[in-house]
Amino acid sequence: MKTSPTHVLKFGGSSLQTTDLIRQAAELVSARTNNTRPVVVVSAIDGVTDQLIALADGNFENTDSPPPQITQLKQQHLEYFDTLISADHPNRPLLNDLFTELEAITKDQIFRKNNRYAWRDQLLSIGERASALIFASLLSHWDIPAHAREAQHFIKTDSSFGRAQVDLDTTRNLIQQAVSSADGIPVITGFIGSNDDKQITTLGRSGSDYTAGLVASALDAERLEIWTDVNGVLTADPKWVPGAESIQQLSFADISELSAHGANVIHPQTIRPLQNTDTAVVVKNSHNPVHPGTLI
Ligand code: ADP
Ligand code: ASP
Ligand code: MG
(Lines give C-alpha, C1' and ligand atoms only; values in the text may rest on other atoms or scores of the structure.)
(Ligands and ions follow the chains in the order given, each with its own letter.)
Protein backbone atom coordinates (compact mmCIF):
# COMPACT_ATOMS: atom_id res chain seq x y z
CA MET A 1 0.00 0.00 0.00
CA LYS A 2 1.33 3.43 -0.93
CA THR A 3 1.46 5.81 2.03
CA SER A 4 0.56 9.46 1.52
CA PRO A 5 3.47 11.92 1.48
CA THR A 6 3.91 14.03 4.60
CA HIS A 7 3.52 17.79 4.32
CA VAL A 8 4.64 19.81 7.34
CA LEU A 9 2.85 23.17 7.50
CA LYS A 10 4.29 25.70 9.94
CA PHE A 11 2.23 28.76 10.80
CA GLY A 12 4.08 31.66 12.39
CA GLY A 13 2.43 34.09 14.77
CA SER A 14 1.81 36.46 11.87
CA SER A 15 -0.34 33.74 10.25
CA LEU A 16 -2.35 33.36 13.46
CA GLN A 17 -2.98 37.04 14.19
CA THR A 18 -6.75 37.00 13.85
CA THR A 19 -9.53 34.42 13.96
CA ASP A 20 -9.91 34.81 10.18
CA LEU A 21 -6.25 33.97 9.63
CA ILE A 22 -6.44 30.98 11.99
CA ARG A 23 -9.51 29.74 10.11
CA GLN A 24 -7.70 30.17 6.79
CA ALA A 25 -4.67 28.27 8.10
CA ALA A 26 -6.90 25.41 9.28
CA GLU A 27 -8.64 25.38 5.87
CA LEU A 28 -5.25 25.00 4.18
CA VAL A 29 -4.56 22.01 6.41
CA SER A 30 -8.00 20.55 5.81
CA ALA A 31 -7.54 20.82 2.01
CA ARG A 32 -4.31 18.85 2.36
CA THR A 33 -6.00 15.78 3.91
CA ASN A 34 -7.18 14.41 0.53
CA ASN A 35 -3.90 13.14 -0.82
CA THR A 36 -1.22 13.94 1.75
CA ARG A 37 -0.60 13.51 5.44
CA PRO A 38 -0.50 17.01 6.95
CA VAL A 39 1.46 17.69 10.14
CA VAL A 40 1.09 21.16 11.65
CA VAL A 41 3.61 23.20 13.66
CA VAL A 42 2.41 26.44 15.24
CA SER A 43 3.95 29.46 16.89
CA ALA A 44 2.20 31.47 19.55
CA ILE A 45 -0.43 33.93 18.29
CA ASP A 46 1.19 37.14 17.03
CA GLY A 47 2.65 39.25 19.83
CA VAL A 48 1.95 36.72 22.59
CA THR A 49 5.58 35.68 23.13
CA ASP A 50 6.56 39.36 23.41
CA GLN A 51 3.85 39.85 26.02
CA LEU A 52 4.97 36.77 27.96
CA ILE A 53 8.56 38.03 27.88
CA ALA A 54 7.40 41.39 29.22
CA LEU A 55 5.50 39.55 31.95
CA ALA A 56 8.53 37.42 32.88
CA ASP A 57 10.92 40.35 32.88
CA GLY A 58 8.60 42.86 34.49
CA ASN A 59 8.15 43.76 38.10
CA PHE A 60 4.83 42.57 39.31
CA GLU A 61 3.33 42.99 42.71
CA ASN A 62 2.84 39.70 44.49
CA THR A 63 -0.84 40.33 45.10
CA ASP A 64 -3.65 37.83 45.11
CA SER A 65 -5.24 39.02 41.89
CA PRO A 66 -3.60 37.90 38.62
CA PRO A 67 -1.38 40.44 36.84
CA PRO A 68 -3.50 42.34 34.26
CA GLN A 69 -1.38 40.97 31.38
CA ILE A 70 -2.48 37.42 32.26
CA THR A 71 -6.14 38.41 32.44
CA GLN A 72 -5.81 40.06 29.05
CA LEU A 73 -3.98 37.12 27.41
CA LYS A 74 -6.49 34.66 28.83
CA GLN A 75 -9.38 36.75 27.58
CA GLN A 76 -7.88 37.02 24.09
CA HIS A 77 -7.31 33.26 23.78
CA LEU A 78 -10.73 32.33 25.16
CA GLU A 79 -12.39 34.83 22.82
CA TYR A 80 -10.56 33.31 19.86
CA PHE A 81 -11.64 29.85 21.01
CA ASP A 82 -15.29 30.84 21.40
CA THR A 83 -15.36 32.66 18.06
CA LEU A 84 -13.72 29.85 16.12
CA ILE A 85 -15.08 26.83 17.94
CA SER A 86 -17.64 27.05 20.74
CA ALA A 87 -17.72 27.75 24.44
CA ASP A 88 -19.08 24.19 24.96
CA HIS A 89 -16.21 22.34 23.29
CA PRO A 90 -14.55 19.83 25.69
CA ASN A 91 -11.08 21.39 25.07
CA ARG A 92 -12.07 24.80 26.38
CA PRO A 93 -11.33 23.92 30.03
CA LEU A 94 -7.84 22.78 28.90
CA LEU A 95 -7.22 26.24 27.46
CA ASN A 96 -8.46 27.80 30.66
CA ASP A 97 -6.09 25.50 32.62
CA LEU A 98 -3.10 26.84 30.66
CA PHE A 99 -3.81 30.32 32.00
CA THR A 100 -4.29 28.96 35.51
CA GLU A 101 -0.85 27.37 35.04
CA LEU A 102 0.53 30.70 33.78
CA GLU A 103 -0.75 32.43 36.88
CA ALA A 104 0.70 29.74 39.15
CA ILE A 105 4.14 29.93 37.44
CA THR A 106 4.12 33.72 37.65
CA LYS A 107 3.44 33.52 41.37
CA ASP A 108 5.95 30.74 42.05
CA GLN A 109 8.69 32.84 43.62
CA ILE A 110 10.61 29.77 44.84
CA PHE A 111 10.91 28.35 41.29
CA ARG A 112 11.81 31.82 40.04
CA LYS A 113 14.55 32.26 42.65
CA ASN A 114 15.94 28.74 42.20
CA ASN A 115 16.23 28.86 38.43
CA ARG A 116 15.08 32.05 36.82
CA TYR A 117 15.78 30.80 33.28
CA ALA A 118 13.85 27.52 33.68
CA TRP A 119 11.01 29.50 35.23
CA ARG A 120 11.01 31.93 32.31
CA ASP A 121 10.95 29.18 29.65
CA GLN A 122 8.04 27.43 31.31
CA LEU A 123 6.21 30.73 31.36
CA LEU A 124 6.97 31.38 27.65
CA SER A 125 5.77 27.89 26.67
CA ILE A 126 2.15 28.88 27.36
CA GLY A 127 1.96 30.83 24.06
CA GLU A 128 2.61 27.85 21.77
CA ARG A 129 0.69 25.42 23.99
CA ALA A 130 -2.38 27.67 23.81
CA SER A 131 -2.24 28.23 20.03
CA ALA A 132 -1.75 24.50 19.32
CA LEU A 133 -4.79 23.70 21.45
CA ILE A 134 -6.94 26.26 19.64
CA PHE A 135 -5.77 25.07 16.21
CA ALA A 136 -6.34 21.36 16.95
CA SER A 137 -9.72 22.10 18.53
CA LEU A 138 -10.82 23.98 15.41
CA LEU A 139 -9.94 21.05 13.15
CA SER A 140 -11.74 18.60 15.43
CA HIS A 141 -14.72 20.97 15.58
CA TRP A 142 -14.85 20.51 11.79
CA ASP A 143 -14.80 16.71 12.30
CA ILE A 144 -11.20 16.44 11.16
CA PRO A 145 -9.45 14.31 13.80
CA ALA A 146 -6.56 16.34 15.27
CA HIS A 147 -4.64 16.58 18.53
CA ALA A 148 -2.40 19.23 20.06
CA ARG A 149 1.04 17.72 20.74
CA GLU A 150 3.28 19.53 23.24
CA ALA A 151 6.83 19.26 21.96
CA GLN A 152 8.48 19.12 25.39
CA HIS A 153 7.55 15.42 25.25
CA PHE A 154 9.69 14.72 22.18
CA ILE A 155 12.14 17.56 21.48
CA LYS A 156 15.05 16.88 23.83
CA THR A 157 17.58 19.59 24.54
CA ASP A 158 20.37 20.59 26.86
CA SER A 159 19.71 23.04 29.67
CA SER A 160 20.68 26.26 27.88
CA PHE A 161 17.34 27.88 28.71
CA GLY A 162 16.30 30.50 26.18
CA ARG A 163 18.50 29.06 23.40
CA ALA A 164 18.57 25.33 24.04
CA GLN A 165 20.58 23.01 21.81
CA VAL A 166 18.67 20.02 20.48
CA ASP A 167 19.82 16.42 20.91
CA LEU A 168 19.22 15.50 17.28
CA ASP A 169 19.29 11.69 17.40
CA THR A 170 17.04 11.27 20.42
CA THR A 171 14.67 13.93 19.13
CA ARG A 172 14.41 12.33 15.70
CA ASN A 173 13.34 8.99 17.23
CA LEU A 174 10.94 10.59 19.67
CA ILE A 175 9.27 12.68 16.94
CA GLN A 176 8.75 9.53 14.84
CA GLN A 177 7.23 7.70 17.82
CA ALA A 178 5.06 10.63 18.89
CA VAL A 179 3.67 11.21 15.43
CA SER A 180 3.12 7.57 14.51
CA SER A 181 1.20 7.00 17.75
CA ALA A 182 -0.96 10.07 17.12
CA ASP A 183 -4.34 9.47 15.59
CA GLY A 184 -5.50 12.35 13.45
CA ILE A 185 -3.47 15.40 12.50
CA PRO A 186 -0.74 16.29 14.99
CA VAL A 187 -0.68 20.02 15.79
CA ILE A 188 2.75 20.49 17.31
CA THR A 189 3.90 23.38 19.48
CA GLY A 190 6.88 25.15 17.94
CA PHE A 191 9.68 26.78 19.95
CA ILE A 192 9.74 24.44 22.98
CA GLY A 193 11.52 21.30 24.14
CA SER A 194 12.68 19.88 27.44
CA ASN A 195 15.93 18.90 29.15
CA ASP A 196 16.80 15.59 30.85
CA ASP A 197 15.04 16.77 34.01
CA LYS A 198 11.85 17.30 31.97
CA GLN A 199 12.06 21.06 32.50
CA ILE A 200 10.69 23.02 29.54
CA THR A 201 13.31 24.80 27.43
CA THR A 202 12.95 27.19 24.47
CA LEU A 203 14.93 27.13 21.22
CA GLY A 204 15.49 30.89 20.80
CA ARG A 205 13.34 33.58 19.21
CA SER A 206 11.67 32.38 16.00
CA GLY A 207 12.50 28.83 17.09
CA SER A 208 9.22 27.41 15.73
CA ASP A 209 10.80 27.38 12.28
CA TYR A 210 13.53 25.13 13.67
CA THR A 211 10.92 22.85 15.28
CA ALA A 212 9.28 22.54 11.87
CA GLY A 213 12.65 21.68 10.26
CA LEU A 214 13.26 18.97 12.88
CA VAL A 215 9.77 17.52 12.40
CA ALA A 216 10.03 17.56 8.59
CA SER A 217 13.42 15.85 8.74
CA ALA A 218 12.34 13.16 11.22
CA LEU A 219 9.27 12.36 9.11
CA ASP A 220 11.09 12.44 5.74
CA ALA A 221 8.51 14.99 4.64
CA GLU A 222 7.96 15.67 0.96
CA ARG A 223 7.36 19.36 1.74
CA LEU A 224 7.92 21.84 4.53
CA GLU A 225 5.86 25.01 4.16
CA ILE A 226 6.72 28.03 6.30
CA TRP A 227 3.60 30.25 6.28
CA THR A 228 4.38 33.85 7.20
CA ASP A 229 3.31 37.42 6.32
CA VAL A 230 5.48 38.24 3.28
CA ASN A 231 5.73 36.86 -0.27
CA GLY A 232 8.47 34.38 0.63
CA VAL A 233 12.10 35.34 1.07
CA LEU A 234 12.69 38.83 -0.30
CA THR A 235 15.85 40.62 -1.40
CA ALA A 236 15.73 42.57 1.90
CA ASP A 237 13.47 43.02 4.93
CA PRO A 238 10.40 44.83 3.50
CA LYS A 239 9.98 46.63 6.85
CA TRP A 240 13.12 48.60 5.97
CA VAL A 241 13.26 48.30 2.18
CA PRO A 242 9.73 48.79 0.84
CA GLY A 243 10.68 47.83 -2.75
CA ALA A 244 12.25 44.50 -1.74
CA GLU A 245 11.34 41.78 -4.21
CA SER A 246 10.37 38.18 -3.73
CA ILE A 247 13.02 35.61 -4.66
CA GLN A 248 11.50 32.71 -6.61
CA GLN A 249 14.09 30.08 -5.75
CA LEU A 250 17.10 29.83 -3.44
CA SER A 251 19.65 27.12 -2.73
CA PHE A 252 20.19 25.76 0.79
CA ALA A 253 23.55 27.56 0.84
CA ASP A 254 21.92 30.90 -0.13
CA ILE A 255 19.23 30.69 2.52
CA SER A 256 21.73 29.68 5.22
CA GLU A 257 23.80 32.72 4.31
CA LEU A 258 20.77 35.04 4.21
CA SER A 259 19.25 33.86 7.47
CA ALA A 260 22.60 33.93 9.26
CA HIS A 261 22.87 37.58 8.16
CA GLY A 262 19.58 38.65 9.65
CA ALA A 263 16.90 37.67 7.12
CA ASN A 264 14.78 36.59 10.05
CA VAL A 265 11.93 35.43 7.85
CA ILE A 266 13.36 31.98 8.62
CA HIS A 267 15.35 30.89 11.68
CA PRO A 268 18.98 30.13 10.68
CA GLN A 269 18.84 26.55 11.98
CA THR A 270 15.57 25.62 10.24
CA ILE A 271 16.93 23.97 7.16
CA ARG A 272 20.01 22.44 8.75
CA PRO A 273 18.24 19.12 9.48
CA LEU A 274 17.00 19.07 5.86
CA GLN A 275 20.30 19.44 4.01
CA ASN A 276 20.95 16.49 1.70
CA THR A 277 17.32 15.36 1.89
CA ASP A 278 14.59 15.52 -0.76
CA THR A 279 12.31 17.75 1.31
CA ALA A 280 11.21 20.86 -0.59
CA VAL A 281 11.05 23.92 1.66
CA VAL A 282 8.61 26.61 0.58
CA VAL A 283 8.10 30.00 2.24
CA LYS A 284 4.54 31.24 1.64
CA ASN A 285 2.47 34.29 2.51
CA SER A 286 -0.75 33.61 4.42
CA HIS A 287 -1.79 37.23 3.79
CA ASN A 288 -1.49 36.53 0.03
CA PRO A 289 -1.75 32.74 -0.35
CA VAL A 290 -1.95 32.77 -4.16
CA HIS A 291 1.59 34.14 -4.41
CA PRO A 292 4.00 31.27 -5.15
CA GLY A 293 6.48 32.40 -2.45
CA THR A 294 10.04 31.07 -2.39
CA LEU A 295 11.18 27.52 -3.08
CA ILE A 296 14.35 26.43 -1.33
P1 ADP B 1 6.30 34.67 11.63
O2 ADP B 1 5.37 35.21 12.66
O3 ADP B 1 5.55 34.15 10.43
O4 ADP B 1 7.29 33.70 12.14
P5 ADP B 1 8.43 36.63 11.44
O6 ADP B 1 8.14 38.00 11.89
O7 ADP B 1 9.26 35.74 12.32
O8 ADP B 1 7.04 35.94 11.06
O9 ADP B 1 9.14 36.65 10.00
C10 ADP B 1 8.56 37.38 8.93
C11 ADP B 1 9.19 38.75 8.83
O12 ADP B 1 10.57 38.59 8.50
C13 ADP B 1 8.65 39.61 7.74
O14 ADP B 1 7.48 40.29 8.13
C15 ADP B 1 9.81 40.54 7.43
O16 ADP B 1 9.66 41.80 8.04
C17 ADP B 1 11.02 39.86 8.07
N18 ADP B 1 12.14 39.69 7.15
C19 ADP B 1 13.42 40.00 7.43
N20 ADP B 1 14.23 39.77 6.39
C21 ADP B 1 13.45 39.29 5.40
C22 ADP B 1 13.70 38.84 4.06
N23 ADP B 1 14.91 38.85 3.50
N24 ADP B 1 12.65 38.39 3.33
C25 ADP B 1 11.42 38.37 3.85
N26 ADP B 1 11.12 38.78 5.12
C27 ADP B 1 12.11 39.24 5.88
N1 ASP C 1 6.76 32.39 19.52
C2 ASP C 1 8.22 32.36 19.44
C3 ASP C 1 8.76 33.74 19.15
O4 ASP C 1 8.00 34.68 19.06
C5 ASP C 1 8.71 31.37 18.45
C6 ASP C 1 8.35 31.68 17.01
O7 ASP C 1 7.50 32.51 16.75
O8 ASP C 1 8.93 31.05 16.13
O9 ASP C 1 9.94 33.89 19.07
MG1 MG D 1 9.22 33.70 12.80
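Right above here is the structure, for reference.
Residues numbered from 1 in each chain as written. Chains lettered and ligands numbered in written order. Predicted model: local features only at pLDDT ≥ 70, side-chain atom pairs only at ≥ 80, totals over all residues. Heavy atoms only, no water.

## Some words on helix H9 (residues 252-260)
- Along H9, the residues that are buried comprise Phe252, Ile255 and Ser259. The buried residues of H9 occupy an angular sector of 65° when projected down its axis, which confines them to one face. The exposed residues of H9 that point more than 90 degrees off its buried face are Ala253, Glu257 and Ala260.
- Here the buried face of H9 lies against strand E8 (280-285).
- One or two positions beyond H9, positive phi appears at Gly262, with a value near 100°. (Buried < 20%, exposed > 50% of the residue type's maximum accessible area, 1.4 Å probe, protein only. Helix = DSSP H or I, 4+ residues; strand = E, 2+ residues; numbered from the N terminus. Arc of directions from axis to C-beta. Contact = heavy atoms within 4.5 Å.)

## A closer look at the site of ligand 2
- In the vicinity of ligand 2, the contacting residues are Ser43, Ala44, Thr49, Glu128, Phe191, Arg205, Ser206, Gly207 and Ser208.
- The separation between an oxygen atom of ligand 2 and a polar side-chain atom of Ser43 is 3.2 Å.
- At 2.7 Å, a side-chain N or O of Arg205 approaches an oxygen atom of ligand 2.
- The class makeup of the residues in the shell around ligand 2 is two nonpolar, five polar and two charged. (Near = heavy atom within 4 Å. Polar contact = N/O pair within 3.5 Å; in protein donor to acceptor, adjacent residues only side chain to side chain. Nonpolar A, V, L, I, M, F, W, Y, C, P; charged D, E, K, R; others polar.)

## A word on helix H7 (residues 168-180)
- In this model, H7 (13 residues) spans 18 Å end to end at C-alpha, consistent with the 18 Å of a helix rising 1.5 Å per residue.
- When we look at burial in H7, the residues that qualify are Thr171, Ile175, Ala178 and Val179. Seen from one end, H7 has its buried residues packed into an arc of 85°, which puts them on one side. Among the exposed residues of H7, those pointing more than 90 degrees away from its buried face are Asp169 and Ser180.
- In the core, the buried residues of H7 are packed alongside strand E2 (37-42), strand E3 (146-149), strand E4 (185-189) and helix H8 (207-218). (Expected span 1.5 Å × (residues − 1).)

## Regarding unusual backbone geometry
- The backbone of Asp143 shows a phi angle near 65°, a positive value even though the residue is not glycine.
- Here Asp143 shows up in the loop between helix H6 (116-141) and E3.
- A positive phi angle, close to 70°, is found at Ser206, a residue other than glycine.
- Relative to the helices and strands, Ser206 is located in the loop between strand E6 (200-202) and H8.

## Focus: the pairing of strand E7 (residues 223-228)
- Here E7 lies mainly inside the structure; five of its six residues are buried.
- Bridging between E7 and E8 involves six bridges; their strand directions are parallel. Looking at E8, one finds that Leu224 is bridged to Val281.
- For the handedness criterion, the β-α-β arrangement of E7, H9 and E8 is classed as right-handed. (Pairing = 2+ DSSP bridges. Right-handed = clockwise from strand over helix to strand, strands pointing away.)

## Here's the deal with the packing of H7 against H8
- Two elements in contact, H7 and H8, have axes separated by 9 Å at closest approach and are oriented at 70°. Between H7 and H8, the crossing angle belongs to the class labelled roughly perpendicular. In contact with Leu168, Arg172, Ile175 and Gln176 of H7, H8 contributes Tyr210, Leu214, Val215, Ser217 and Ala218.
- When grouped by side-chain class, the residues that make up the contact of H7 with H8 number six nonpolar, two polar and one charged. (Axes fitted to C-alpha atoms, helices over the stretch in contact; angles between N-to-C directions. Parallel < 35°, antiparallel > 145°, perpendicular 65-115°, else oblique.)

## What about the site of ligand 1?
- Taken together, 19 residues surround ligand 1, and among them Ser14, Thr228, Asp229, Leu234 and Asp237 come closest.
- At 2.8 Å from an oxygen atom of ligand 1 is found a side-chain nitrogen or oxygen belonging to Ser14.
- Lys239 places a polar side-chain atom, nitrogen or oxygen, 2.9 Å from an oxygen atom of ligand 1.
- Surface burial for ligand 1 is 87%, taken as the share of its 570 Å² of free accessible area covered by protein chains.
- For the shell around ligand 1, the residue count by class is eight nonpolar, seven polar and four charged. (Areas by Shrake-Rupley, 256 points an atom, 1.4 Å probe, with all protein chains shown as cover.)

## Remarks on the side chain of Ser14
- Tracing the chain through its elements places Ser14 in the loop between strand E1 (6-11) and helix H1 (19-31).
- The class of Ser14 is buried, set by a relative accessible area of 11%.
- Not counting the four nearest positions on each side in its chain, Ser14 is found in contact with Leu21, Asp46, Thr228, Asp229 and His287.

## A short note on the nonpolar core
- Grouped together as the largest cluster of nonpolar side chains are 85 residues, with contacts concentrated most on Val8, Phe11, Leu95, Leu102, Phe135 and Leu139.
- Looking at which element gives the most residues to this core, the answer is H6, with 13 residues.
- Not counting the four nearest positions on each side in its chain, Phe135 is found in contact with Phe11, Leu16, Ile22, Ala25, Ala26, Val29, Val40, Val42 and Val187. (Core = buried A, V, L, I, M, F, W, Y, C linked by side-chain atoms within 4.5 Å.)

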